[in-house]
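Inside the fold
Residues per chain are reported as follows:
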Amino acid sequence: MHPGPRPRNELGLAVFRPPRALGAIIGGAFAAWALVFAALSLSVAIGSPAEFKTFLAYLVAFVLLGVAAAFAHWVYAIVALAYVVDHDSLTIRWGFRRVVIPLDTILRMVPGRTLEEAHVHGLNWWGCHVGHADVKRIGYTLFYSTHGSPNELLFVHTTQESYALTILDQAAFAEEVQARAALAPLESHPQRATAIGLGALPFWRDHHALIAAGLALMAGALMCGYVFARYPGLAEVVELNFPALGSIVRVGDKQELLKIAYLGLGILAVNAVVGIAAHARERAAGIWLLASAGILQIVLLGAALAAFATA
């Protein structure tokens, strides 16, 4: 698709949208598949007795929900994909990401039919080719494309990067770029990539915060897995020791020991939400909240080890 006819003396926004249906349908099918199997896993887990198999069912459901969320995000990005030419720049809209390319940095535009096809590393399925590739005669290239054949590709080579776009009417696109480049301001701006909405949260670009969150999740999974694995072997009534209260021993239902896992999951969820929100304002505080969630999972694991040893 490309802009409809308009007077050439009106240089407003020119929006070029690639074909998106195929990529969105396939991505949506993957998201739906993950949701269906997540629902099946949850149906098995909910109401089942507390044992390691139940924990695995919950874990599989959690992972599949993450996969479904990822594909839903990519489907949104495919639907939103557009190339916008304004008075001084070319902007690639990909989901929550914006890549801004000043027109005066564009050196040449090369039709894809004149180059050898390259394998894209990244998101790569029918109707979606987003990632990077080494293209002969062009070099390292960033792909934001939904092309079905090389004829639909247009390579935009700039002073800093090269980009592969799906442009059906390449003559109209080149005309729009050249017309605006001739009228662009003399002051040059650097190429830049920005994020909007949830994608603008600094958490996604902070490797230390991501590592802290990942370790906290693994610690929580380890703690819950241990509790669910040991739980079936307990008697229905167990001894609950309270050393801090003068070694008081109380007899109670073994279900009280499951509260260790539920408490850990609650702490993990709250700390994750608050930590990510706090990270946007104070990086150190956000990382500490995420890391402390993992530390508390280890503390609870120690408590579970002691409780099951004496139960």
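Let me begin by describing the structure that accompanies this report. This one's a predicted model, so the numbers in the text were calculated from it and none came from an experiment. (Residues numbered from 1 in each chain as written. Predicted model: local features only at pLDDT ≥ 70, side-chain atom pairs only at ≥ 80, totals over all residues. Heavy atoms only, no water.)

Side note on the overall build of the protein
Tallying secondary structure elements over the protein gives six helices and 13 strands in all. Looking at the protein residue by residue over its 311 residues, the buried ones come to 41%. Partitioning the contacts of the protein with sequence separation of at least 6, the portion at a separation of at least 24 is 56%. Accessible surface computed for the protein: about 16700 Å², of which carbon and sulfur atoms make up 68%. (Helix = DSSP H or I, 4+ residues; strand = E, 2+ residues; numbered from the N terminus. Buried < 20%, exposed > 50% of the residue type's maximum accessible area, 1.4 Å probe, protein only. Contact = heavy atoms within 4.5 Å. Areas by Shrake-Rupley, 256 points an atom, 1.4 Å probe, with all protein chains shown as cover.)

Remarks on the side chain of T158
Note that T158 resides in strand 9 (residues 153–158). The exposure class assigned to T158 is buried, which follows from its relative accessible area of 2%. From its side chain, T158 meets the backbone nitrogen of Q160 in a polar contact 3.2 Å long. A distance of 2.6 Å separates a polar side-chain atom of T158 from the backbone oxygen of E161. Residues contacting T158, with those up to four places away along its chain left out, are I101, T105, I106, L107, Y163 and Q191. (Polar contact = N/O pair within 3.5 Å; in protein donor to acceptor, adjacent residues only side chain to side chain.)

Looking at empty space enclosed by the protein
Applying the stated criterion across every chain yields a total of two cavities of 30 Å³ or more. Roughly 70 Å³ of volume is contained in the largest cavity. Lining the largest cavity are G112, L115, E116, E117, A118, V135, F143, H147, P150, L153 and F155. The residue makeup of the lining of the largest cavity, split by class, is seven nonpolar, two polar and two charged. (1 Å grid on protein atoms, 1.4 Å probe; cavity = no way out; pocket = protein on both sides within 12 Å on 5 of 7 lines; lining within 4 Å. Points joined across faces, edges and corners; volume = space filled by probe spheres on them. Nonpolar A, V, L, I, M, F, W, Y, C, P; charged D, E, K, R; others polar.)

Some thoughts on the pattern of salt bridges
Side chains that differ in charge, positive against negative, can pair when their charged atoms come close. Counted under the stated rule, the structure contains three salt bridges. Between E176 and R180 there is a salt bridge; the shortest N-O distance is 2.3 Å. Placement of the pair is E176 and R180 together in helix 3 (residues 170–183), with a separation of four residues, close to one helical turn. R283 is the salt-bridge partner of D206, the closest N and O atoms lying 2.5 Å from each other. Within this pair, whereas D206 is found in the loop between strand 11 (192–195) and helix 4 (207–230), its partner R283 is found in helix 6 (residues 283–310), the two being separated by 77 residues in sequence. (Salt bridge = Lys/Arg side-chain N within 4 Å of Asp/Glu carboxyl O.)

Thoughts on helix 3
In this model, helix 3 (14 residues) spans 20 Å end to end at C-alpha, consistent with the 20 Å of a helix rising 1.5 Å per residue. By the burial criterion, the buried members of helix 3 are Q170, A172, F173, A174, E176, V177 and R180. Tucked inside the fold, the buried residues of helix 3 contact strand 1 (14–16), strand 2 (82–85), strand 3 (89–94), strand 5 (106–111), strand 9 and strand 10 (162–166). (Expected span 1.5 Å × (residues − 1).)

As for helix 5 (residues 259–279)
The end-to-end C-alpha distance of helix 5 is 29 Å, a good match for the 30 Å that 21 residues give at a rise of 1.5 Å each. What helix 5 keeps buried is the set I260, A261, G264, L268, N271, G275 and H279. Looking straight down helix 5, one finds that the buried residues subtend no more than 100 degrees of arc, so they occupy a single side. Away from its buried face, by an angle of more than 90 degrees, helix 5 presents the exposed residues K259, V273 and A277. (Arc of directions from axis to C-beta.)

Quick notes on unusual backbone geometry
Although it is not a glycine, R137 adopts a positive phi angle of roughly 75 degrees. Residue classification places R137 among the exposed residues on the basis of a relative accessible area of 59%.

Things to note about the side chain of S292
Along the chain, S292 falls in helix 6. Here the side chain of S292 touches L289 through a polar contact of 2.8 Å, landing on its backbone oxygen.

Here's the deal with the sheet that holds strand 7 (residues 128–135)
With mixed pairing, six strands are arranged side by side in an open sheet as 5-9-10-8-7-6. A single partner strand is all that each edge strand has here, and the edge strands are strand 5 and strand 6 (121–125). Geometrically, the sheet is characterised by an average inter-axis angle of 25 degrees between neighbouring strands, direction not taken into account. Pairing geometry for strand 5 and strand 9, over five bridges, is antiparallel. Within strand 9, the residue paired with I106 across the bridge is T158. The strands that helix 3 touches are strand 5, strand 9 and strand 10; relative to strand 5, the one it contacts most, it runs at about 175 degrees. (Pairing = 2+ DSSP bridges. Axes fitted to C-alpha atoms, helices over the stretch in contact; angles between N-to-C directions.)

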